[in-house]
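Residue-level structure breakdown
If you want the building blocks of each chain, they are given just below.
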Amino acid sequence: MARPAVIPWAEADTAEALHQRYLAEADGIVRTRLHALWRLRQPEAGWTPTTVAVTLGVHRSTVQLWLKWYREGGLAPICARRRGGVGKPSYLTPVQQEALVAEAARGGFATAQAVRDWIEDRFGVVYSVGSLYTLLPRLGIRRKRPRPRHPKADPQARASWQKGGSGRG
């Protein structure tokens, strides 16, 4: 049987306090970490890092990493850490991004290639068309899509109807 982990618990982090914080947490990743700490705070129930890992469906080394974070800084690092990295910074500055959003709002672009050309002419920054398909949604710019038209629709009948009559008489 695995031995229980030695954890220097903070006075405020009682089993009940951890349980309440675990139940109140909305972020699923942080909630899982708090669940693990709450279980480990109950050594009389026989919870070890290995049994907690099996129960939560994570690897034992993941639970050990969470314990390391707790030992180093308490609950703050447990709740603050996020998965993934920061990512590559944007080629455009925030001011340039605002200008792009404003131009798109004015309807200045019909295609992604037009956006690419505008960015290159205006700011001297070269994007591939493919990378624009990730940039534009991140800035809240959606592609224009034509309204669907039925293949049998008659444009002349529609124009006549819009002028005030159905064309039938």
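Residues numbered from 1 in each chain as written. Predicted model: local features only at pLDDT ≥ 70, side-chain atom pairs only at ≥ 80, totals over all residues. Heavy atoms only, no water.

1. Examining the pattern of salt bridges
- Here the structure, examined in full by the defined rule, presents four salt bridges.
- A salt bridge links K68 to E72; its shortest N-O distance comes to 4.0 Å. Here K68 pairs with E72, and both are found in helix 4 (residues 60-73), just four residues apart, close to one helical turn.
- Owing to a relative accessible area of 44%, K68 belongs among the partly exposed residues under this scheme.
- Note that R106 is salt-bridged to E103, the shortest N-O span being 2.8 Å.
- On the accessibility criterion, R106 (59% relative accessible area) is exposed.
- Several salt bridges converge on common partners, so that one network encompasses R116, D117 and E120. (Salt bridge = Lys/Arg side-chain N within 4 Å of Asp/Glu carboxyl O. Helix = DSSP H or I, 4+ residues; strand = E, 2+ residues; numbered from the N terminus. Buried < 20%, exposed > 50% of the residue type's maximum accessible area, 1.4 Å probe, protein only.)

2. Description of the nonpolar core
- Residues L34, L37, V52, V63, W66 and I78 are the most contacted members of the largest nonpolar core, which totals 21 residues.
- Of all the elements in the fold, those that place two or more residues in this core are helix 1 (15-24), helix 2 (28-40), helix 3 (49-56), helix 4 and helix 5 (75-80).
- Sort the elements by how many residues they give to this core and helix 2 lands first, with six residues.
- Setting aside residues no more than four positions away along its own chain, V63 makes contact with L40, P49, V52, A53 and V58.
- Counting residues in each nonpolar core, the second largest holds 14 residues, with L100, Y127, L132 and L139 among its members. (Core = buried A, V, L, I, M, F, W, Y, C linked by side-chain atoms within 4.5 Å. Contact = heavy atoms within 4.5 Å.)

3. Considerations on helix 2
- Between the first and last C-alpha of helix 2 there are 18 Å, a value that for 13 residues agrees with the 18 Å anticipated at 1.5 Å per step.
- Those residues of helix 2 not exposed but buried are V30, R33, L34, H35, A36, L37, W38 and L40.
- One side-chain oxygen at the N-terminal end of helix 2 lies 3.2 Å from the backbone nitrogen of I29; it belongs to D27. (Expected span 1.5 Å × (residues − 1). Polar contact = N/O pair within 3.5 Å; in protein donor to acceptor, adjacent residues only side chain to side chain.)

4. A closer look at the packing of aromatic side chains
- In this structure the tally under the stated criterion is five aromatic pairs.
- Pairing W118 with F123 gives two aromatic rings, centres 5.5 Å apart and planes at 90°, and the pair type is edge-to-face.
- Note on F123: relative accessible area 22%, which makes it partly exposed.
- Members of the aromatic cluster, joined through ring pairs, are F109, W118 and F123.
- R31 extends its terminal NZ or CZ atom over the ring of Y22, reaching a point 4.7 Å from the ring centre. (Phe/Tyr/Trp six-rings, centres within 6.5 Å; stacked < 30°, edge-to-face > 60°. Lys NZ or Arg CZ within 6 Å of the ring centre and 35° of its normal.)

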